[in-house]
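Read off the chains here:
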Amino acid sequence: MAARWPARPAAGRVPAAAQIAAAVAVGSAELSVSDVLRAVGTHQGLPVRPLPPLPDSIVWDLRLPRVLLAALVGAGLAVCGAVLQALTRNPLADPFLLGVSSGASTGAVAVLVLGVHIGTGPVDLTTGAFGGSVAAFGAVLLLAGRRAGEPTRIVLAGVAVSQLFSAVTSLIVISDAQGQDTRSVTFWLLGSLTAASWPAVALCAVVAGAGLLVCWAAATALDAFAFGTDTARSLGFSPGRTRLLLFGVTALVTATLVAVSGAIGFVGLTVPHAVRLVIGSRHRTLLPTCAVTGAIFLIWADTAARTVFSPQELPVGVLTALLGVPVFGLVMRCRAETP
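Residues numbered from 1 in each chain as written. Predicted model: local features only at pLDDT ≥ 70, side-chain atom pairs only at ≥ 80, totals over all residues. Heavy atoms only, no water.

Things to note about helix 5 (residues 125–144)
Since there are 3.6 residues in each turn of an α-helix, residues three or four apart along the chain are aligned in direction. Selection rule: Labels follow the DSSP assignment, with helices taken as runs of H or I lasting at least four residues and strands as runs of E lasting at least two, numbered in each case from the N terminus. Between the first and last residue of a helix there are one fewer steps than residues, each counted as 1.5 Å, and that sum is the expected span. Residue exposure (1.4 Å probe, protein chains only): buried if accessible area is under 20% of the type maximum, exposed if over 50%, otherwise partly exposed. Directions from the helix axis toward the C-beta atoms define the arc.
With 20 residues, helix 5 should cover 28 Å at 1.5 Å per step; its first-to-last C-alpha distance of 29 Å lies within 8% of that length. Looking only at helix 5, the buried set comprises Gly128, Ala129, Gly132, Ser133, Ala136, Phe137, Val140 and Ala144. All buried residues of helix 5 project into a common sector of 165° when viewed along the axis, lining one side.

Okay, here's the thing in structure tokens:
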């Protein structure tokens, strides 16, 4: 029998869509949800009365791509966190475990500070960050060697590569960055969705969507890994190949997300634990619920980051850390008190 996407997360898409519309309406320029729907309807060719050019541009060109990108990044990081925690059987695992965040940071800094070129054309920030992420994960696989499917070995390789690329990033910033470059680099490293655009949304939708489907298709294997490698093997799964496939998928998804948003922490660490506390650990339900929860969490975290201190904007990664640490502590306390 073909597996079906669970009904509960499917039902959650309606309130998630409503929250996207509400988040787009929030900002220094006063808009209503009906204004948001009119702008979207106009650009979809529906017979609605169009907004004036300025509010229409605010909705369609600025806020809607940013909110959708926040949803995709939050969903992707949360699901990757849940998958890595299952693969490594480590409750502290998160999407940056494989060194991709440090690699993306190095690639982005190289573009911002050194002005990296390929041929005669400059490399843009997203391309540089993605290239750095791929290079970092390649280094992890090289260090891990033939036993790259073993969680302990790949985690240790990820830690070593993260430290290496972090050192390279610091070296570039200290040696070559000017004042404004340092500010731009710091803002990006702390996580920011200010550069959201429709091409970035499309890229993340394709890569993250495909990655999430692969992870969800492996939900039964992830359940088996919770009982150990021997149990997974006895149920017909190849632990080494399955782990390597899912490590690669989560690294690719994380690299893409980090390339467009910077290093946004605690979403992939905190959300899976919070969701497990409510619905349990069966990955067939856990993964889509993490996707919806992570999307909603980052939508409102980014909305707060761009509005609470207006006209100044806070890097969303700072806010996710401020919220994520106490939430993670609360979740851990609840888990400790659960018999």
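So, the side chain of threonine 254
Definition in use: Pairs of residues are marked as contacts when any of their non-hydrogen atoms sit within 4.5 Å.
With respect to the element layout, threonine 254 can be found in helix 11 (residues 239–261). For threonine 254, a relative accessible area of 0% corresponds to the buried category. Setting aside its immediate chain neighbours within four residues, threonine 254 contacts Leu77, Cys80, Pro95, Phe96 and Val100.

Concerning the layout of surface pockets
Let me state the cut-off plainly: Grid points spaced at 1 Å and placed over the protein atoms alone form the basis of the search, with a cavity being a set where a 1.4 Å probe fits but cannot get out and a pocket an open set showing protein on both sides within 12 Å along at least five of seven lines. Lining residues have an atom within 4 Å of a point. Grid points are joined across faces, edges and corners, and a volume is the space filled by probe spheres set on the points. In the scheme used here, Gly and all other residues not listed as nonpolar or charged are polar, with Ala, Val, Leu, Ile, Met, Phe, Trp, Tyr, Cys and Pro taken as nonpolar and Asp, Glu, Lys and Arg as charged.
As a volume, the second largest pocket reaches approximately 370 Å³. Among the secondary structure elements, those contributing two or more residues to the lining of the second largest pocket are helix 3 (53–88) and helix 13 (283–307). Among the elements that line the lining of the second largest pocket, the one with the most residues is helix 3, at five residues. The class makeup of the residues in the lining of the second largest pocket is six nonpolar, six polar and five charged.

A few points about the nonpolar core
How we decide: Note on terminology: a nonpolar core comprises buried Ala, Val, Leu, Ile, Met, Phe, Trp, Tyr and Cys residues joined through side-chain atoms within 4.5 Å.
Ranked by internal contacts, the top residues of the largest apolar core, which has 85 residues, are Leu69, Val73, Val79, Val83, Leu287 and Leu298. Sort the elements by how many residues they give to this core and helix 3 lands first, with 19 residues. Residue contacts for leucine 298: discarding those within four places in its chain leaves Ala70, Val73, Gly74, Ile264, Val267, Val316 and Thr320.

Considering the confidence of the model for the chain
Worth spelling out the cut-off: The quantity called pLDDT is the predictor's confidence in a given residue, expressed from 0 to 100.
In the predicted model, the chain carries a mean pLDDT of 84, and 88% of its residues have values of at least 70. With pLDDT under 50 throughout, residues 1–5 is counted as low confidence; its partners more than four residues away or in other chains account for seven contacts. Predicted confidence is poor over residues 7–11, with pLDDT under 50, and the contacts of this stretch with residues over four places away or in other chains come to five contacts.

Some points on unusual backbone geometry
Positive phi, normally seen in glycine, also occurs at phenylalanine 266, with a value near 75°. Structurally, phenylalanine 266 can be placed in the loop between helix 11 and helix 12 (267–279). Judged by its relative accessible area of 27%, phenylalanine 266 falls in the partly exposed class.

Description of the environment of phenylalanine 266
Each C-alpha atom of the pair phenylalanine 266 and threonine 320 lies 6.3 Å from the other, and the pair is 54 residues apart in sequence. Those residues in contact with phenylalanine 266 that sit more than four places away from it in its chain are Val271, Thr320, Ala321, Gly324 and Val325.

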